[in-house]
Amino acid sequence: MFRAAVQLSVSGVRSLTRSQPGCKALLASRCYSHGKQETDEEFDARWVTYFNKQDIDAWELRKGMNTLIGYDLVPEPKILEAALRACRRLDDLASAIRILEAVKDKSGPHKDIYPYLIQELKPTLDELGIPTPEELGIDKV
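Residues numbered from 1 in each chain as written. Predicted model: local features only at pLDDT ≥ 70, side-chain atom pairs only at ≥ 80, totals over all residues. Heavy atoms only, no water.

**Looking at the overall build of the protein chain**
Next, step 1: For the protein chain, the count of helices and strands is seven helices and zero strands.
Next, step 2: Mapped from its N terminus to its C terminus, the protein chain presents α and β elements in the order α-α-α-α-α-α-α.
Next, step 3: Burial status across the protein chain gives 26% buried among its 141 residues.
Next, step 4: A separation of at least 24 residues holds for 63% of the contacts in the protein chain among residues at least 6 apart in sequence.
Next, step 5: Looking at the protein chain as shown, the accessible area adds up to about 10400 Å², and 56% of this sits on carbon and sulfur atoms. (Helix = DSSP H or I, 4+ residues; strand = E, 2+ residues; numbered from the N terminus. Buried < 20%, exposed > 50% of the residue type's maximum accessible area, 1.4 Å probe, protein only. Contact = heavy atoms within 4.5 Å. Areas by Shrake-Rupley, 256 points an atom, 1.4 Å probe, with all protein chains shown as cover.)

This is the structure:
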């Protein structure tokens, strides 16, 4: 038993010390897409169209907002307006307020972005009857 273990360990050491000239590491190369880049206007139009679908359901609304908030940007007011109108069509006030909270969080340390968005969205918010988190007092919680 001991002799078998020694033979296995010796053969293992020999295999580690042998060089294998036939094996070469392949360099990984990346093939980046050289397709057409989407412009800002096309990006905005795509998301406005997504949220303006008449048959959008609550899952699609949340999925779209999660994807949109996941990008490294703060959505334009016209995209947020379309999302808020989708919330109204679904009669989902909670999602509308969550959208505003997410945008406020996404604005981060830039204190001038969120007030600008609220200023741009104020007519839509008033038309749809959607209060801001500040009006509800939940921004202090």
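Text resumes after the structure shown.
**Notes on helix α3 (residues 58-70)**
Every α-helix winds through 3.6 residues per turn, so residues three or four apart in the chain are directed the same way.
Next, step 1: Between its first and last C-alpha atoms α3 spans 18 Å; for 13 residues at 1.5 Å apiece the expected length is 18 Å, and the two agree.
Next, step 2: Listed as buried for α3 are Leu 61, Gly 64, Met 65 and Leu 68. Relative to the axis of α3, the buried residues are bounded by an arc of 95° and lie together on one face. Those residues of α3 that are exposed and aimed more than 90 degrees away from the buried face are Trp 59, Asn 66 and Gly 70. (Expected span 1.5 Å × (residues − 1). Arc of directions from axis to C-beta.)

**Some details on the pattern of salt bridges**
Next, step 1: Tallied over the entire structure, the rule returns 10 salt bridges.
Next, step 2: Arg 85 is the partner of Glu 81 in a salt bridge, and the nearest nitrogen-oxygen pair spans 3.3 Å. Placement of both Glu 81 and Arg 85 in helix α4 (residues 77-89) is noted, with a separation of four residues, approximately one turn of the helix.
Next, step 3: Here Glu 81 falls in the partly exposed class, since its relative accessible area comes to 28%.
Next, step 4: Overall, Arg 85 belongs to the partly exposed group, its relative accessible area being 24%.
Next, step 5: The shortest N-O distance in the salt bridge between Lys 122 and Glu 135 comes to 2.7 Å. On the criterion of sequence distance, the pair formed by Lys 122 in helix α6 (residues 113-128) and Glu 135 in helix α7 (residues 133-136) is long-range, its members being 13 residues apart.
Next, step 6: Looking at Glu 135, the relative accessible area reads 48%, which means it is partly exposed. (Salt bridge = Lys/Arg side-chain N within 4 Å of Asp/Glu carboxyl O.)

**A look at the packing of aromatic side chains**
Next, step 1: Taken as a whole, this structure holds six aromatic pairs when the rule is applied.
Next, step 2: A ring pair is formed by Phe 43 and Tyr 71, whose centres lie 5.6 Å apart and whose planes are at 65°; its orientation type is edge-to-face. Remark: Tyr 71 occurs in the loop between α3 and α4 and Phe 43 occurs in helix α2 (residues 40-51); sequence separation between them is 28 residues.
Next, step 3: Residue Phe 43 is classed as buried on the basis of its relative accessible area, which comes to 12%.
Next, step 4: Its relative accessible area of 30% is what places Tyr 71 among the partly exposed residues. (Phe/Tyr/Trp six-rings, centres within 6.5 Å; stacked < 30°, edge-to-face > 60°.)

**Some thoughts on the nonpolar core**
Next, step 1: The biggest cluster of nonpolar side chains holds 25 residues, and the ones touching the most others in it are Phe 51 and Leu 84.
Next, step 2: The set of elements that each furnish at least two residues to this core consists of α2, α3, α4, α5 (93-107) and α6.
Next, step 3: Counting residues per element, this core draws most heavily on α4, at seven residues.
Next, step 4: If near-sequence neighbours (up to four positions away) are discounted, Phe 51 is found in contact with Ile 56, Leu 61, Gly 64, Met 65, Leu 68, Ile 79, Ala 82, Ala 83, Ala 86 and Arg 89. (Core = buried A, V, L, I, M, F, W, Y, C linked by side-chain atoms within 4.5 Å.)

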